[in-house]
Amino acid sequence: MMEPRPILIKDQIAAMKATWPALKPRQQCFESARWVGQLRPQFQRYKVSIDYRLFDVPNVRVLTPELIRLADNEEGQLPHVYPPANDPTLCLYDPNTGEWDGSMLLSQTIVLWTLDWLSCYELWLMTGRWTGGGRHPTPHSEGTDLEEVQ
């Protein structure tokens, strides 16, 4: 089976500009781009960055405000993120299931999933329970075991 054809960076940039003009391309070249801008899922505004390189996975970070950790939370201090702890990237989809690939527009997938993640994060801060589903590292693992979240 052939790999899906990746969308070129220039086309990702055009689609992002058309759909999410607040996310501005800050660094770009033929094979990679970085967008920075504000998103507001519900209550709080977040400055995020989306880094993407062709044939790789996008990395999304919350730049401000700093993400809050809940020290004694059963799902971990900050669920659904990838290490390192001092610069986590958001876990937006399960990379082992083919939910995302380079033939998809970031503006129609990754940005929407980031908004969903931020909404779940805001609710998690209020309730202590992650409602977004998915899989994430178990709190007592070395970061390799995944558990299903209902």
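Refer to the structure printed above.
So, here is what we can say about the structure in this document. Keep in mind it's a predicted model, so treat the numbers as computed, not measured.

**Section: unusual backbone geometry**
Cis geometry is found at the peptide bond from Thr64 to Pro65, where omega equals -10°. Along the chain, Pro83 connects to Pro84 via a cis peptide bond; the corresponding omega equals 10°. Position of Pro84 relative to the elements: it lies in the loop between strand E5 (81-82) and strand E6 (89-90). Phi angles above zero are rare outside glycine, and Phe55 is one such case at about 65°. Along the chain, the position of Phe55 falls in the loop between strand E3 (46-53) and strand E4 (59-64). Relative accessible area serves as the criterion here: at 71%, Phe55 is assigned to the exposed category. Positioned with a positive phi, His80 is a non-glycine residue whose angle comes to about 60°. When you line up the elements, His80 lands in the loop between E4 and E5. A residue is classified by how much of its surface remains accessible, and His80, at 4% relative accessible area, is buried.

**Notes on the pattern of salt bridges**
Scanning the entire structure with this criterion turns up 5 salt bridges. A salt bridge links Arg34 to Asp51; the shortest N-O distance between them is 3.1 Å. Separated by 17 residues along the polypeptide, Arg34 in strand E2 (residues 32-39) and Asp51 in strand E3 bring together distant segments of the chain. A single salt-bridge network, built from bridges that share partners, covers Arg34, Asp51, Arg61 and Asp87.

**Some details on helix H1 (residues 9-19)**
For H1, the complete set of buried residues consists of Ile9, Gln12, Ile13, Ala15 and Met16. Down the axis of H1, the buried set is contained in an arc of 165°. They therefore lie on one face. Turned more than 90 degrees from where H1 packs its buried face, Lys10, Lys17 and Ala18 sit exposed. Residues of H1 that are buried make contact with strand E1 (24-28), E2, E3 and helix H2 (110-127).

Calculation notes
Residues numbered from 1 in each chain as written. Predicted model: local features only at pLDDT ≥ 70, side-chain atom pairs only at ≥ 80, totals over all residues. Heavy atoms only, no water. Helix = DSSP H or I, 4+ residues; strand = E, 2+ residues; numbered from the N terminus. Buried < 20%, exposed > 50% of the residue type's maximum accessible area, 1.4 Å probe, protein only. Salt bridge = Lys/Arg side-chain N within 4 Å of Asp/Glu carboxyl O. Arc of directions from axis to C-beta. Contact = heavy atoms within 4.5 Å.

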